[in-house]
Amino acid sequence: MFETILRDLLLTRTDHTVELYEGSGSNWRLIKTGTPGCLGSFEDVLFATNDMQDTPVVMAVQAAVRENERVLGLAFVNLTKRSMGLTEFLDDDHYTNLESAIIALGCKECIVPQENVNSKDVERLRDVFTRCNVLLREKKKNIFKARDAGQDLSRLVKGSPEQLKDSIFSSELAAGALSALLVYTDLLADDSNYGKFALEPYSINAFMRLDAAALRALNVLEGKGDANKNFSLFGLMNRTCTAGMGKRLLNRWLKQPLLDVDEINMRLDVVQIFVEDAALRQDMRQHLKRIPDMERLIRKVDKRKASLQDIVKLYQATVRLPFIKDILERYNGESASLINKHFLESLKTWIGPQHLGKFEGLVEAAVDLEQIQAGEYIIAAGYDSNLQNIKSERDSVEDKIQKVYKAAADELDVDKALKLEKTSQWGHVFRLTKKEEPKVRRQLNANYITLETRKDGVKFTNAKLKRLSEQYITLSEDYANTQRALVGKVVEVTATFNEVFEGAASLVAELDVLVSFAELSVSSASPYVRPLITSSDTGDIILKESRHPCVEAQDGVSFIPNDCCLVRGKSWFQIITGPNMGGKSTFIRQVGVNVLMAQVGCYVPCDYATISVRDSIFARVGAGDCQLRGVSTFMAEMLETAAILKAATDKSLIIIDELGRGTSTYDGFGLAWAICEYLTEVTRAPTLFATHFHELTALENSADSGRQTVGVANFHVKAHLDDVSRKLTMLYKVEEGACDQSFGIHVAEFAHFPQSVIELAKEKANELEDFSQLSKKEDGSNEEVNTNHFVGSKRKRVCGPDDTLWGAARARKFLEDFASLPLDQLEYNDAVAEIKRLKSELDIDAADNVWLQQFL
Ligand SMILES: Nc1ncnc2c1ncn2[C@@H]1O[C@H](COP(=O)(O)OP(=O)(O)OP(=O)(O)O)[C@@H](O)[C@H]1O
């Protein structure tokens, strides 16, 4: 139960710290502390029976304003991986850069300087951490000072301190954050940390940027409520088989998709090898499967907490490495030089006699490998002469004990009823059953010492056995102490190989994930394909017959594949309309998921794919759990959209689903249109915009109005409505062109609404449709007039897309003409005449345009 509670508090909810006290009465002592970012000594409990899937990171952040710009200094420590880093960057009001750094680093906990004010700014900062499920703790400002950072860091970090200077002194803010973090984590108090940490170069632009909304929309990581493991990309892609290491790397890779075309192709090359050669893949899996979590074992060795069993596990991993090398050497295809350079060269050095060969020799000499079968991990007696002597002496005492036993059995003449037993209380003793005891009671009383009489028999000894037993106990203690000291020495020597182990562990983890990608690609019902990758400035995003990997993997779903062609200047911005439940969300998300998978280095669920690298994916889909954060659904939607408008560039990918549905139809449509215009004209990112506002489809023609857009195209998801039975069948096929019906009431019928509710809904929808065409005259009679309300569930348009488009272009012209009048140079009367002229021209043009008339 303790393990379960601990897992919930520290791994799932990540909003608590845990302290464990030991004692009784009024005397209690704190013995363990853990927080989501520093699991501390709880690590052993948390991962005693479960693999460690993720390595938590704790960070420190402090902000300052320089020349009217917000600068953030960030430092982070990964205590499991023993790595740390620091960076400084500019950020906007929404802290979008900070959010992507939190996601990419897998931060679970953050410290910030205590602010006395409860400003909007601090609130927004807090909101970022809440959104990302990070425990935020405020710490005294004075620990965020850069003064000792350089000195402290040089004690903790491997390598020459000279190299550190640049990182430290280039940013005082980040160095201050690092100082605070070192105080908070108390790393300097434990000298086993000295010289052990790797300083990682980190830049917020190193990987594809993902924010919390995108992670959620694309189902990247496992969620608590997931019905099965294929619900999330992590669950689906996790076919890793090493204990823990592969899982953790996959977790990290999913949060850090690559940007460099060559790096992506390198991963894809390796995946391709294992996709194409099934035997190679199977053999590799067989060996990877037997590799324990080397990273955790190394850490135990580092902390000198490893047992002999841990050392044996490391040994079992190292003896597998030559097999892995042999499998890699069997490959002689096109990418042989890559395999050689990336894996084989280092692998060969590590397993050679100078490195792991020595370690294997140590284990084989020191550990009694034969006893392992019996589950005993002990130092072989022959490894140490002292140990050997103690063992021989103890063996001879044991022989003598056997002789005494035999003599007693002869003397008491109770045949086989006399037993010799080893107890913890008295050492070796004799035991007779209660039934036999009366027969020899006289002899016992005369020559033996009775120790205990219980149901299971009488325990007794004699002077000889007592003396020998005491000798045996002393020798056993000596033996155990000598064993312990020797295990300590073995662990000490093992620690000298840690750097090699670390290299080998990361190589094995990488192979594990890449083989896992290959396994997924070939084992799916329709195989995946290798994507062609182009840089972000060139190429399009073309996915032929693409699928959503997680939806496709659900039982009972027969997935209908769809093409998606985001072509620059033509269909870079796509508006997707169609009935509820028609598959719009699934389609737009699947494009995001495919792009993410490709940049992680995996094959994609398509028949053909070419992808222009994206530096970020922004997604606004679904409401999420915003109520918990004290924000209304609509406000959350607006906040997420604001972040997209601020931070997206032409190198991003934007996915927006049903924007503006949380407010009135008018406001929603207005916002949606304005956002689309901004995205097509300013941001210019490839975008998939799923909407129920059919009027938005008019944007497609906006290029005709002379504006520079990225290429807007309409698509719709198809559904079939049977005229006779009124049955609606979703075809899930995405086709070109707009759709002008929403079928909302049909979907309600599917959901088995009471018939009376359905009927009323239809009636009211019709009323609204009529209302949009009829306006009541004052005398109460109905007269058909042209109104321009965008209302009605089916939104039968009084003004069509062409009206809107033409009208908007004409209105723009009027405003431009008006703006270009030299009013300051004209006489008053001339100015009035000019304006009247413009107005009357507009009136004439607007006579046939329903949309324009509403403004006149
Ligand atoms: N291509 C497909 N092939 C098979 N089933 C699909 C496909 N796309 C979607 N579905 C199924 O249809 C369901 C509804 O899809 P989705 O949520 O994408 O519809 P939607 O158009 O966004 O609906 P709404 O407008 O109501 O939000 C999905 O849960 C999925 O089970």
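Residues numbered from 1 in each chain as written. Predicted model: local features only at pLDDT ≥ 70, side-chain atom pairs only at ≥ 80, totals over all residues. Heavy atoms only, no water.

- If you check an unreviewed UniProt entry, the chain appears there as DNA mismatch repair protein MSH2 from Ceratopteris richardii.
- Per its UniProt entry, the chain bears the Sequence similarities (unreviewed entry) comment "Belongs to the DNA mismatch repair MutS family."
- Turning to the chain, the UniProt annotation filed under Subcellular location (unreviewed entry) states: "Nucleus". (UniProt positions renumbered as here; feature names shortened; annotations may be inferred.)

**A closer look at the overall build of the chain**
1) Next: In terms of helices and strands, the chain carries 31 helices and 25 strands.
2) Next: Its C-alpha radius of gyration of 37 Å places the chain more than 25% over the 29 Å reference for a compact globule of 856 residues.
3) Next: With the C-alpha coordinates aligned to their principal axes, the bounding extent of the chain is approximately 135 × 70 × 70 Å.
4) Next: Across the 856 residues of the chain, 49% fall into the buried class.
5) Next: Contacts in the chain between residues far apart in sequence, at least 24 positions, make up 71% of those at least 6 positions apart.
6) Next: Accessible surface, the chain as shown: approximately 40600 Å² in total, 50% of it carbon and sulfur.
7) Next: Of the side-chain charges in the chain, 105 are positive and 124 negative, and the distance between the mean point of each set is 8 Å. (Helix = DSSP H or I, 4+ residues; strand = E, 2+ residues; numbered from the N terminus. Rg over C-alpha atoms; globule rule 2.2 N^0.38 Å. Buried < 20%, exposed > 50% of the residue type's maximum accessible area, 1.4 Å probe, protein only. Contact = heavy atoms within 4.5 Å. Areas by Shrake-Rupley, 256 points an atom, 1.4 Å probe, with all protein chains shown as cover. Lys, Arg positive; Asp, Glu negative; His and termini not counted. Charge placed at Lys NZ, Arg CZ, Asp CG, Glu CD.)

**Focus on the sheet that holds strand 17 (residues 573-577)**
1) Next: Reading across from one edge, 9-19-20-21-17-22-23 is the order of the seven strands in this open sheet, with mixed pairing throughout. Strand pairing shows two members of the sheet lacking a second neighbour, strand 9 (209-210) and strand 23 (728-736), which therefore form its edges.
2) Next: Relative to strand 23, strand 22 (residues 712-721) runs antiparallel, the two being bridged by six bridges. Paired with valine 717 across the two strands is valine 734, which belongs to strand 23. (Pairing = 2+ DSSP bridges.)

**With respect to the nonpolar core**
1) Next: Leu98, Met294, Leu328, Phe359, Phe517 and Leu596 are the most contacted members of the largest nonpolar core, which totals 188 residues.
2) Next: A total of 14 residues in this core trace back to one element, the largest contributor, which is helix 22 (residues 498-523).
3) Next: Contact partners of leucine 328, with chain neighbours within four places excluded, come to Phe274, Met284, Ile339, Phe343, Leu344, Leu347 and Leu511.
4) Next: By size, the runner-up hydrophobic cluster in this structure holds 22 residues, among which are Ala60, Phe144, Val157 and Leu178. (Core = buried A, V, L, I, M, F, W, Y, C linked by side-chain atoms within 4.5 Å.)

**What about the packing of helix 19 (residues 385-412) against helix 21 (residues 463-495)?**
1) Next: Where helix 19 meets helix 21, the axes come as close as 9 Å, and the angle between the chain directions of the two elements is 155°. The angle between helix 19 and helix 21 falls in the class roughly antiparallel. Seen along the crossing, helix 19 lies across helix 21 with a hand that is left-handed.
2) Next: Its residues assigned to classes, the contact of helix 19 with helix 21 shows eleven nonpolar, six polar and seven charged. (Axes fitted to C-alpha atoms, helices over the stretch in contact; angles between N-to-C directions. Parallel < 35°, antiparallel > 145°, perpendicular 65-115°, else oblique. Left-handed = near helix turned anticlockwise from the far one by under 90°. Nonpolar A, V, L, I, M, F, W, Y, C, P; charged D, E, K, R; others polar.)

**What to know about unusual backbone geometry**
1) Next: For glutamate 67, which is not a glycine, the phi torsion comes out positive at approximately 45°.
2) Next: One can find glutamate 67 in the loop between strand 3 (57-66) and strand 4 (69-78).
3) Next: Positive phi, normally seen in glycine, also occurs at asparagine 219, with a value near 50°.
4) Next: Examined against the element boundaries, asparagine 219 turns out to sit in the loop between helix 8 (212-217) and helix 9 (233-237).

**Here we look at the state of the cysteines**
1) Next: Counted under the stated rule, the structure contains zero disulfides.
2) Next: Just so you know, cysteine 107 is unpaired, no disulfide at all, and the nearest cysteine sulfur is the one on cysteine 110, 5.4 Å from it. (Disulfide = S-S within 2.5 Å.)

**Brief notes about the pattern of salt bridges**
1) Next: One pass over the full model with this rule turns up 43 salt bridges.
2) Next: In this structure, lysine 839 and aspartate 843 form a salt bridge, with 3.3 Å as the shortest nitrogen-oxygen distance. Here lysine 839 pairs with aspartate 843, and both are found in helix 30 (residues 828-846), just four residues apart, close to one helical turn.
3) Next: Given a relative accessible area of 39%, lysine 839 falls into the partly exposed group.
4) Next: We classify aspartate 843 as partly exposed; its relative accessible area is 33%. (Salt bridge = Lys/Arg side-chain N within 4 Å of Asp/Glu carboxyl O.)

**Some words on the site of the ligand**
1) Next: Residues in contact with the ligand amount to 14 residues; listed here are only the nearest, Ile560, Met581, Lys584, Ser585 and Thr586.
2) Next: Glycine 583 places a polar main-chain atom, nitrogen or oxygen, 3.0 Å from an oxygen atom of the ligand.
3) Next: Lysine 584 is positioned with one of its side-chain polar atoms (N or O) 2.8 Å from an oxygen atom of the ligand.
4) Next: Calculation on the ligand without its partners gives an accessible area of 630 Å², and the protein chains cover 76% of this total.
5) Next: If you tally residues by element for the shell around the ligand, the top one is helix 24 (residues 584-600), at three residues.
6) Next: Along the lines of polarity and charge, the residues of the shell around the ligand split into five nonpolar, seven polar and two charged. (Near = heavy atom within 4 Å. Polar contact = N/O pair within 3.5 Å; in protein donor to acceptor, adjacent residues only side chain to side chain.)

**Observations regarding the UniProt feature "coiled-coil region" (unreviewed entry) in the chain**
1) Next: The UniProt record annotates "coiled-coil region" (unreviewed entry) at residues 380-407.
2) Next: Taken end to end, residues 380-407 comprises 82% helix and 0% strand; its first and last C-alpha atoms sit 33 Å apart.

**Thoughts on the confidence of the model for the chain**
1) Next: Summing up the model confidence of the chain, the mean pLDDT is 86 and the portion of residues at 70 or higher is 92%.
2) Next: Below pLDDT 50 for its whole length, residues 771-797 participates in 51 contacts with residues either more than four positions away or in separate chains. (pLDDT = per-residue confidence, 0-100.)

**Structural notes on the sheet that holds strand 12 (residues 449-454)**
1) Next: Pairing in this open sheet of four strands is antiparallel, and the strands run 10-11-13-12 from one edge to the other. The open sheet is flanked by strand 10 (419-423) and strand 12, the only strands paired with a single partner. The sheet shows a mean angle of 35° between the axes of neighbouring strands, direction not considered.
2) Next: Direction of pairing for strand 12 relative to strand 13 (residues 457-461): antiparallel, over a ladder of five bridges. Within the sheet, the bridge partner assigned to threonine 450 lies in strand 13 and is phenylalanine 460.
3) Next: Together, strand 10, strand 11 (427-432), strand 12 and strand 13 form the strand contacts of helix 21, whose direction differs from that of strand 11 by roughly 140°.

**Some words on the side chain of glutamate 99**
1) Next: By the secondary structure assignment, glutamate 99 is in helix 3 (residues 96-105).
2) Next: From its side chain, glutamate 99 meets the backbone nitrogen of alanine 212 in a polar contact 2.8 Å long.
3) Next: Apart from residues lying up to four places away in sequence, glutamate 99 is in contact with Val128, Arg131, Cys132, Leu210, Asp211, Ala212 and Ala213.

**A closer look at the packing of aromatic side chains**
1) Next: Throughout the structure, instances matching the rule amount to 14 aromatic pairs.
2) Next: Geometrically, the ring pair formed by tyrosine 405 and phenylalanine 430 is stacked, given 6.4 Å between the ring centres and 25° between the ring planes. In this pair, tyrosine 405 sits in helix 19 while phenylalanine 430 sits in strand 11, placing the two residues 25 residues apart along the sequence.
3) Next: By the ring-pair criterion, three or more aromatic residues cluster together here, those being Tyr405, Phe430, Tyr448 and Phe460.
4) Next: We note arginine 267 situated over the ring of tryptophan 253; from NZ or CZ to the ring centre the distance is 3.5 Å.
5) Next: The residue whose ring lies beneath arginine 394 is tyrosine 479, and the NZ or CZ to ring-centre distance is 4.5 Å. (Phe/Tyr/Trp six-rings, centres within 6.5 Å; stacked < 30°, edge-to-face > 60°. Lys NZ or Arg CZ within 6 Å of the ring centre and 35° of its normal.)

**Overview of the UniProt feature "domain: DNA mismatch repair proteins mutS family" (unreviewed entry) in the chain**
1) Next: The UniProt feature table records "domain: DNA mismatch repair proteins mutS family" (unreviewed entry) at residues 652-668.
2) Next: When the span residues 652-668 is considered, its composition is 24% helix and 35% strand, and the gap between its end C-alpha atoms is 24 Å.

**Observations regarding the pairing of strand 17**
1) Next: Here strand 17 lies mainly inside the structure; five of its five residues are buried.
2) Next: Both faces of strand 17 are covered, namely the face carrying Phe573, Ile575 and Thr577 and the face carrying Gln574 and Ile576.
3) Next: Here strand 17 pairs with strand 21 (residues 687-690) via four bridges, running parallel. Each residue of the ladder has a partner; that of phenylalanine 573, found in strand 21, is threonine 687.
4) Next: Pairing of strand 17 with strand 22 involves five bridges; the strand directions are parallel. The partner of threonine 577 across the bridge, within strand 22, is histidine 716.

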